[in-house]
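Letter by letter, the chains look like this.
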Amino acid sequence: MLFLNRFNGFGKSAGAVAAPVTADFWRINVTLNNEGAYTAVAITDIVFKDSGGTPISTAGGTAAASASAGANTAAKAFDAITTTNWASTTALPQWIEMQFTGNVTPFSVDITGNNSSPDQAVNAIKDFDLQWSTDGISYTTAQSYSGETAWGLAETRNFVIQT
């Protein structure tokens, strides 16, 4: 499995890494996929990690998304099963989030792209924001990324959120 860190020379972050933020809602707001006008987006797996790189448990949490395509629900992006994914075929932007059972402080997130060929290239996220909220209504962008191209089949990339 290919694994890339997308910050400090590798990523295309739009700004500086934010100071640590603690919140119970964390989401990925996708503003563009790799096809541009094509509206489908798919993510196989999302893993938020703490300062030591340990995955933050989503047990008991609630996954949600702005939309889902059929059985490809938000929960499937947090199930750690590489044969399932979240997908949406409605107009961008689209978001997917996890409401943790309490406040968490993620320092990075692993995102695994689409696991179905040949769609992984066009359905992959290209421009997106990593956002947090304490109430699930108002969101603040912790980090923005753009130009994430050339995703391989089920490729995992690590994105630094904060230091």
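Higher on the page you've got the structure.
Read on for a plain summary of the structure. Small disclaimer: the values here were computed from a predicted structure and weren't measured. (Residues numbered from 1 in each chain as written. Predicted model: local features only at pLDDT ≥ 70, side-chain atom pairs only at ≥ 80, totals over all residues. Heavy atoms only, no water.)

1. Topic: the overall build of the chain
The helix and strand tally for the chain stands at 1 helix and 10 strands. Listing the helices and strands of the chain from first to last along the sequence gives β-β-β-β-β-β-β-α-β-β-β. Of the contacts made within the chain by residues no fewer than 6 positions apart, 75% connect residues no fewer than 24 positions apart. Total accessible area on the chain stands at roughly 7,000 Å², and carbon and sulfur atoms take up 54% of it. (Helix = DSSP H or I, 4+ residues; strand = E, 2+ residues; numbered from the N terminus. Contact = heavy atoms within 4.5 Å. Areas by Shrake-Rupley, 256 points an atom, 1.4 Å probe, with all protein chains shown as cover.)

2. A look at unusual backbone geometry
Looking along the chain, the bond that leaves Leu 92 and enters Pro 93 is cis, with omega of 5°. Within the secondary structure layout, Pro 93 lies in the loop between strand S5 (86-88) and strand S6 (94-104). In this model, Ala 150 sits at a positive phi of 60°, which is unusual for a non-glycine residue. On the basis of relative accessibility, which here comes to 68%, the residue Ala 150 falls in the exposed class. (Buried < 20%, exposed > 50% of the residue type's maximum accessible area, 1.4 Å probe, protein only.)

3. Topic: the environment of Ala 65
Assignment of secondary structure puts Ala 65 in strand S4 (residues 62-65). The spacing of Ala 65 and Trp 95 is 30 residues in sequence and 5.5 Å in space, taken between C-alpha atoms. Excluding anything up to four places from it in sequence, Ala 65 contacts Ala 74, Trp 86, Trp 95 and Ile 96.

4. Things to note about the pattern of salt bridges
This model, assessed by the stated rule, comprises 3 salt bridges. Linking Lys 49 and Asp 110 is a salt bridge whose minimum nitrogen-to-oxygen distance equals 2.7 Å. In this pair, Lys 49 is assigned in strand S3 (residues 41-49) and Asp 110 in strand S7 (residues 108-113), connecting sequence segments 61 residues apart. Judged on exposure class, the residue Lys 49 and its partner Asp 110 are both buried. The partner of Arg 157 in a salt bridge is Glu 155, with the nearest N and O atoms 2.8 Å apart. Neither residue differs from the other here; Arg 157 and Glu 155 are each classed as buried. (Salt bridge = Lys/Arg side-chain N within 4 Å of Asp/Glu carboxyl O.)

5. Observations concerning the sheet that holds strand S8 (residues 125-133)
Two orientations exist for strands paired in a sheet by backbone hydrogen bonds: parallel and antiparallel. One open sheet accounts for 5 strands, arranged S4-S6-S2-S8-S9; its pairing is antiparallel. Each edge of the sheet is formed by a strand with only one pairing partner; in this case those strands are S4 and strand S9 (140-145). Within this sheet the neighbouring strands show an average axis-to-axis angle of 20°, counted without direction. Relative to S6, strand S2 (residues 23-33) is paired through 7 bridges, and the arrangement is antiparallel. Each bridged residue has a counterpart across the sheet, and for Phe 25 the counterpart in S6 is Gln 99. (Pairing = 2+ DSSP bridges. Axes fitted to C-alpha atoms, helices over the stretch in contact; angles between N-to-C directions.)

6. Considerations on the packing of aromatic side chains
Within the structure shown, the criterion is met by 6 aromatic pairs. Centre to centre, the rings of Phe 128 and Tyr 145 are 5.4 Å apart; their planes meet at 20°, and the pair counts as stacked. Remark: Tyr 145 occurs in strand S9 and Phe 128 occurs in strand S8; sequence separation between them is 17 residues. No difference in accessibility class separates Phe 128 from Tyr 145, as the two residues are buried. Each member of the aromatic cluster is reached from another via a ring pair, and the members are Phe 128, Tyr 145, Trp 151 and Phe 159. Note that Arg 27 overlies the ring of Tyr 139, its terminal NZ or CZ placed 3.7 Å from the centroid. Taking the ring centre of Trp 151 as reference, the NZ or CZ of Arg 157 above it sits at 4.2 Å. (Phe/Tyr/Trp six-rings, centres within 6.5 Å; stacked < 30°, edge-to-face > 60°. Lys NZ or Arg CZ within 6 Å of the ring centre and 35° of its normal.)

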